[in-house]
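Given next are the chains, with one letter for each unit.
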Amino acid sequence: MRKPVIAGNWKMYKTPAEAAAFLRDLAPRVAAASHAEIVVCPPFVDIPAAVDAARGTNIGIGAQDLFWLKEGAYTGEVSAPMLVAAGCRWVIVGHSERRQYFGETDESVFKKTTAALDEALTPIVCVGERLEEREGGMTENVLATQFATGLSRLSPEQFARIVIAYEPVWAIGTGRTATPEIAAEAHHFLRELIRAHFGDAASEACRILYGGSVKADNIKGLMAQPDLDGALVGGASLDPVSFAAIVNF
Ligand code: 13P
């Protein structure tokens, strides 16, 4: 049985004080939720306030990115040991916005994923096709390439500790959610890639989240798909009422 993960990716929103207030508001709304792991990923500077406010709750805190080296002269970067020291247990890797605006590649995704695993952080590794790739019938090729370069080089032990997020780029922030059927198709394809490379048990155990315009009113239909193990939520994770409604789908 795969335990669902409902993770909020705040992107570049909220100050430390707003993060603390959000978590104090969210905590009682999701306190009874034991069916899913609950994760909130605020901006770096909010992490200490978020960790503090989430202490003693069932909410884990994650970062939105990391660098693959532990320390050094890398202006502006944050390492996995620093995230762990700050109280993070999760980290998003390879989000499409990082790929699009900050030059993230499948190669850097691989390095960041292993760096996270080395420090016992759980990476939520993002894959997904752009609109023109979907319209050009390239979705499966894109996913296969992202899997081959970013994920298949992990050892079986490493692979067992990651979470994958399928985020079709055309569905992010557009209000254009993939239908449950479209999402299910991609999740099934990813699970077959995993099966071919890592075997049946790894494929059955791997949690694959869906991300892209997830809202309280579409989460139920998405979660009804057998290959879909949770959600990576952007916009709707910024409000404690709507995020709690998604957690408590
Ligand atoms: P939205 O939920 O705002 O579409 O964002 C999805 C996303 O990118 C989560 O990582």
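Up top is the structure these notes are about.
Figured I'd write up the structure that's included with this text. Note that this is a predicted model, so its numbers are computed, not measured. (Residues numbered from 1 in each chain as written. Predicted model: local features only at pLDDT ≥ 70, side-chain atom pairs only at ≥ 80, totals over all residues. Heavy atoms only, no water.)

1. Details of the overall build of the protein
Then, number 1: Scanning the protein from N- to C-terminus turns up 12 helices and eight strands.
Then, number 2: Across its three principal axes, the protein shows a C-alpha extent of roughly 45 × 45 × 35 Å.
Then, number 3: In the protein, buried positions account for 53% of the 249 residues.
Then, number 4: Once local pairs closer than 6 in sequence are excluded, the contacts in the protein between residues at least 24 apart make up 72%.
Then, number 5: Surface summary for the protein: the accessible area is close to 10800 Å², and the carbon and sulfur share equals 56%.
Then, number 6: Within the protein, the 30 negative side-chain charges are centred at a point lying 4 Å from the centre of the 23 positive side-chain charges. (Helix = DSSP H or I, 4+ residues; strand = E, 2+ residues; numbered from the N terminus. Buried < 20%, exposed > 50% of the residue type's maximum accessible area, 1.4 Å probe, protein only. Contact = heavy atoms within 4.5 Å. Areas by Shrake-Rupley, 256 points an atom, 1.4 Å probe, with all protein chains shown as cover. Lys, Arg positive; Asp, Glu negative; His and termini not counted. Charge placed at Lys NZ, Arg CZ, Asp CG, Glu CD.)

2. A look at the pattern of salt bridges
Then, number 1: Taken as a whole and judged by the stated rule, the model has 21 salt bridges.
Then, number 2: Taking the shortest distance from any N to any O, the salt bridge between R98 and E104 comes out at 3.9 Å.
Then, number 3: Between K112 and E104 there is a salt bridge, with the nearest N and O atoms lying 3.1 Å from each other. (Salt bridge = Lys/Arg side-chain N within 4 Å of Asp/Glu carboxyl O.)

3. Here's the deal with the nonpolar core
Then, number 1: Of all hydrophobic cores here, the largest spans 67 residues; its most connected members are I59 and I61.
Then, number 2: The element contributing the most residues to this core is helix α9 (residues 180-198), with seven residues.
Then, number 3: Contact partners of I59, with chain neighbours within four places excluded, come to L23, L26, A27, V30, I38, V40 and A54. (Core = buried A, V, L, I, M, F, W, Y, C linked by side-chain atoms within 4.5 Å.)

4. Describing the site of the ligand
Then, number 1: Every residue close to the ligand is listed here: N9, K11, H95, E167, A171, I172, G173, G212, S213, L232, G234 and G235.
Then, number 2: The side chain of N9 places a nitrogen or oxygen atom 3.0 Å from an oxygen atom of the ligand.
Then, number 3: At a separation of 2.8 Å, an oxygen atom of the ligand approaches a polar backbone atom of G235.
Then, number 4: Broken down by class, the residue content of the shell around the ligand amounts to three nonpolar, seven polar and two charged. (Near = heavy atom within 4 Å. Polar contact = N/O pair within 3.5 Å; in protein donor to acceptor, adjacent residues only side chain to side chain. Nonpolar A, V, L, I, M, F, W, Y, C, P; charged D, E, K, R; others polar.)

5. As for the side chain of T139
Then, number 1: Take T139: it is sitting in helix α7 (residues 139-151).
Then, number 2: Residues contacting T139, with those up to four places away along its chain left out, are E129, E133, R134 and Y166.

6. Quick word on the sheet that holds strand β2 (residues 37-41)
Then, number 1: With parallel pairing, eight strands are arranged side by side around a closed barrel as β1-β2-β3-β4-β5-β6-β7-β8. Direction aside, the axes of adjacent strands within the sheet are offset by 25° on average.
Then, number 2: One ladder, built from four bridges, connects strand β5 (residues 122-127) with strand β6 (residues 163-166); its direction is parallel. Looking across to β6, one finds that C126 is bridged to A165. (Pairing = 2+ DSSP bridges. Axes fitted to C-alpha atoms, helices over the stretch in contact; angles between N-to-C directions.)

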